[in-house]
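# Chain and residue survey
One-letter residues, chain by chain:
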Amino acid sequence: ATLKSAYTSLCAERDRVRNTFEFKSIHEADMMDGHCPLLQQVSNESRGSVPESLSEFFDAKEYLLSASSSENEVSDNDSCLSDVSDNVSVDFCTSEAGTEKDDEGRSRVSMAPPRSRLPSVCMSEGVNLWSILYSNIGKDLSKVSMPVQLNEPLNTLQRLCEEMEYCHLLDTAAQTHDSHMRMVYVAAFAVSSYACTFTRAGMKPFNPVLGETYECERVDKGFRFVSEQVSHHPPVSASHCESKNFTLWQDVRWKNKFWGKSMEILPIGTTHIVLPRSGDHYELNRVTSCIHNILSGQRWIEHYGEITIKNISAAESTGLCKVTFFKSSSRGPNTNKVEAVVMNAEGRVVHSIFGKWNEGLYLGDPSSAICIWRANPMPEDYQQYYGFTQFAIELNELGESIRPFLPRTDTRFRPDQRLLEEGDIAGAEEQKERIEALQRERRKILQENNMTHTPQFFRQSEDDSWISNGTYWELRKDPGFSKLDFPLLW
């Protein structure tokens, strides 16, 4: 009865905002299909305060409401977001612990609740960055070895997985029947992948060594993910994520440039997203990232440039989406601003989106906009724990139930990263130097024998992009990783 009442209230509120007809049509269609429910969670004040004049609406069979507070105050920030925010964010309902069945009827092992914080607070010590970077101004820093104190206890392969935190947006896109609204949710997902970087400007992820892998299977979010470092020079990380609603793959390489007071991170590569139900195949790029105040002052990060999202599966052009990340000269009200438009084949704007990549996105005009995505609340004391979100905290956890099934190349077995997570900087630095020496030795052996490295779980396609070879999860069933000849990475 409570769920039915909540559902009725949401429908009544939805009918009073713009674009009602589109959202109502999508909702009714999804009710017929009977899709997974969503859970709304209250955002904390660190993500921006909000009035109660609007509600978020997502396609789902039923809703679970969390209590809202009339004591929430409107932010003094003069950004347009202050006038159109709401007081909830949305994520998929988490699964209860216990034995579950997958799509093929196989039993899943009961999993313990994920950890809520890291083993140790950030133990960063003072590092003279100027002495390290002075001789590397204008150079590609991906080839420069950095002290472990500059790292956070995650690496690039895990960062790619972290971009899946808001994968419910892709689930919603898959359940949406209007092609332009599907592109709206794909655009929201593309923007949401940058949200976790807002509190992470102070540290960098570990660079994966050649052949390093990472897997993540999230029953609660309905996806499984695998990534591998497929090239060292240039450094290329490939990943593949799949669920019943979508498949996402990408290979990414970064070039880092130090300009004296700031460092630019230039991504190269294309992200592919396929929605099997509609047959849509989207291609999208990344934007440039810049970390300011590298040498002194409080570091902060911004992203700027344009993401172009195209549906390449259609025989004729069905339109595209352009997402603009605005560059700012200093931290002010317009910092982190994002705008996007979804256009039809004739170039007419069908939908407009605006917001901030670290807070939320809104569909429509500011006076009557509807929130389509909002960043999750941050954990307590997150500043002391590398600025990690709850999702990030869970990525490097190595439980006893999963340990026997992982290949020995999995990032969670990497000792330098584990020691840093536990607060042992000296031990982490020693292990990092040893691991880098091992990589140089392996590379030397390959060169002397005129050989090249062959990735275990990815292959190069005709257009030189890296795609999954489809063997990882099949090998994991036995478990069969013990039968493979893995290099000694650490």
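It should be emphasised that the depicted structure is a prediction, and the values quoted were computed from it without experimental measurement.

## Comments concerning the nonpolar core
Membership of the largest hydrophobic core comes to 72 residues, with the highest contact counts inside it found for Phe223, Ile309 and Val323. When residues of this core are assigned to their parent elements, the largest contribution, ten residues, is made by helix H6 (residues 179-192). Once residues within four sequence positions are removed from consideration, Phe223 is found in contact with Cys161, Met164, Cys167, Cys216, Glu217, Arg218, Cys241, Glu242, Ser243, Phe246 and Phe391.

## Remarks on the pattern of salt bridges
In the structure shown here, the tally under the stated rule is 22 salt bridges. The salt bridge involving Glu394 is made with Arg218; its shortest N-O contact spans 2.8 Å. Here Arg218 lies in strand E8 (residues 213-218) and Glu394 lies in helix H7 (residues 390-395), a separation of 176 residues in the sequence. In terms of burial, Glu394 and Arg218 fall into one category: buried. Note that Glu421 is salt-bridged to Arg418, the shortest N-O span being 2.8 Å. In this pair, Glu421 and Arg418 both sit in helix H8 (residues 415-421), three residues apart, roughly one turn of the helix. Connected through salt bridges with shared partners, the residues Glu152, Arg159, Glu162 and Arg200 form a single ionic network.

## What about empty space enclosed by the protein?
Considering all chains together, one arrives at three cavities of 30 Å³ or more under this definition. By volume, the largest cavity amounts to about 130 Å³. Lining the largest cavity are 13 residues; nearest its centre among them are Glu163, Ser193, Thr271, Leu284 and Arg286. Elements represented by at least two residues in the lining of the largest cavity include exactly H6 and strand E11 (247-258). By volume, the second largest cavity amounts to about 40 Å³. Ser179, His180, Met183, Asp280, Tyr282, Asn311 and Thr318 together form the lining of the second largest cavity. Secondary-structure elements contributing two or more residues to the lining of the second largest cavity are H6 and strand E14 (280-284). Ranked by residues supplied to the lining of the second largest cavity, first place goes to H6 with three residues.

## Some points on the environment of Thr411
Mapped onto the secondary structure, Thr411 falls in the loop between H7 and H8. Using a relative accessible area of 0% as the deciding quantity, one classes Thr411 as buried. Separated by 15 residues in the primary sequence, Thr411 and Asn396 have C-alpha atoms spaced 7.8 Å apart. Ignoring sequence-local partners within four residues, the contact set of Thr411 consists of Asn155, Leu157, Gln158, Glu212, Thr213, Tyr214, Asn396, Gln417 and Trp490. Looking at Thr411, its side chain comes within polar contact range of the side chain of Glu212, at 2.9 Å.

## Examining the packing of aromatic side chains
Applying the stated criterion across every chain yields a total of twelve aromatic pairs. A centroid spacing of 4.8 Å and a plane angle of 80 degrees characterise the contact between Phe457 and Tyr472, whose relative ring orientation is edge-to-face. Pair noted here: Phe457 is in the loop between helix H9 (425-448) and strand E22 (458-460) and Tyr472 is in helix H10 (residues 472-476), with a separation of 15 residues, a long-range link. Just as Phe457 is buried, Tyr472 falls in that class too.

## So, H6
Over its 14 residues, H6 runs 20 Å from end to end, which matches the ideal 20 Å to within 8%, given 1.5 Å per residue. In terms of residue burial, H6 counts as a mostly covered element, since 13 of its 14 residues are buried. For H6, the capping residue at the N-terminal end is Asp178, with a side-chain oxygen 3.1 Å from the backbone nitrogen of His180.

## Observations regarding H9
Between its terminal C-alpha atoms H9 stretches 35 Å, which fits the 34 Å expected from 24 residues at 1.5 Å a residue. All buried positions along H9 are accounted for by Ile425, Gly427, Ala428, Gln431, Lys432, Ile435, Gln439 and Arg442. The inward-facing, buried residues of H9 abut strand E6 (151-155), strand E7 (204-206) and H8. Where H9 begins, the capping side chain belongs to Asp424, and its oxygen is found 2.9 Å from the backbone nitrogen of Gly427. Note on H9: the residue one or two positions beyond its end, Asn450, has a positive phi of about 50 degrees.

## Considering the pairing of strand E9 (residues 223-231)
With eight of nine residues buried, E9 is to be regarded as a mostly interior element. Pairing between E8 and E9: six bridges, direction antiparallel. Among the inter-strand pairings, Tyr214 is bridged to a residue of E9, identified as Ser227. The hairpin formed by E8 and E9 contains four residues between the paired strands, and Gly222 there has a positive phi angle of roughly 80 degrees. With seven bridges joining them, E9 and strand E10 (residues 236-242) adopt antiparallel strand pairing. For Glu228, the partnering residue across the bridge sits in E10 and is Ala238. Counting the residues in the hairpin turn of E9 and E10 gives four residues.

## Examining the environment of Asn336
Within the fold, Asn336 resides in the loop between strand E17 (320-325) and strand E18 (337-343). For the pair Asn336 and Asn358, spaced 22 residues apart in sequence, the C-alpha to C-alpha distance is 6.9 Å. Here Asn336 is in contact with Phe198, Ile301, Gly355, Lys356, Trp357 and Asn358, once residues within four sequence places are set aside. A polar atom in the side chain of Asn336 sits 3.2 Å from the side chain of Asn358.

## Brief notes about a negative patch on the surface
A contiguous patch of negative charge on the surface is contributed by Glu422, Asp424, Glu430 and Glu433. For Glu422, the position within the fold is in the loop between H8 and H9. Of the residues examined, Glu422 reaches a relative accessible area of 46% and is grouped as partly exposed.

The rules behind each value
- Residues numbered from 1 in each chain as written.
- Predicted model: local features only at pLDDT ≥ 70, side-chain atom pairs only at ≥ 80, totals over all residues.
- Heavy atoms only, no water.
- Core = buried A, V, L, I, M, F, W, Y, C linked by side-chain atoms within 4.5 Å.
- Buried < 20%, exposed > 50% of the residue type's maximum accessible area, 1.4 Å probe, protein only.
- Helix = DSSP H or I, 4+ residues; strand = E, 2+ residues; numbered from the N terminus.
- Contact = heavy atoms within 4.5 Å.
- Salt bridge = Lys/Arg side-chain N within 4 Å of Asp/Glu carboxyl O.
- 1 Å grid on protein atoms, 1.4 Å probe; cavity = no way out; pocket = protein on both sides within 12 Å on 5 of 7 lines; lining within 4 Å.
- Points joined across faces, edges and corners; volume = space filled by probe spheres on them.
- Polar contact = N/O pair within 3.5 Å; in protein donor to acceptor, adjacent residues only side chain to side chain.
- Phe/Tyr/Trp six-rings, centres within 6.5 Å; stacked < 30°, edge-to-face > 60°.
- Expected span 1.5 Å × (residues − 1).
- Pairing = 2+ DSSP bridges.
- Patch = residues over 30% accessible without salt bridge, like charges linked within 9 Å, V, L, I, M, F, W, Y side chains within 5 Å.
- Areas by Shrake-Rupley, 256 points an atom, 1.4 Å probe, with all protein chains shown as cover.
- Lys, Arg positive; Asp, Glu negative; His and termini not counted.
- Charge placed at Lys NZ, Arg CZ, Asp CG, Glu CD.

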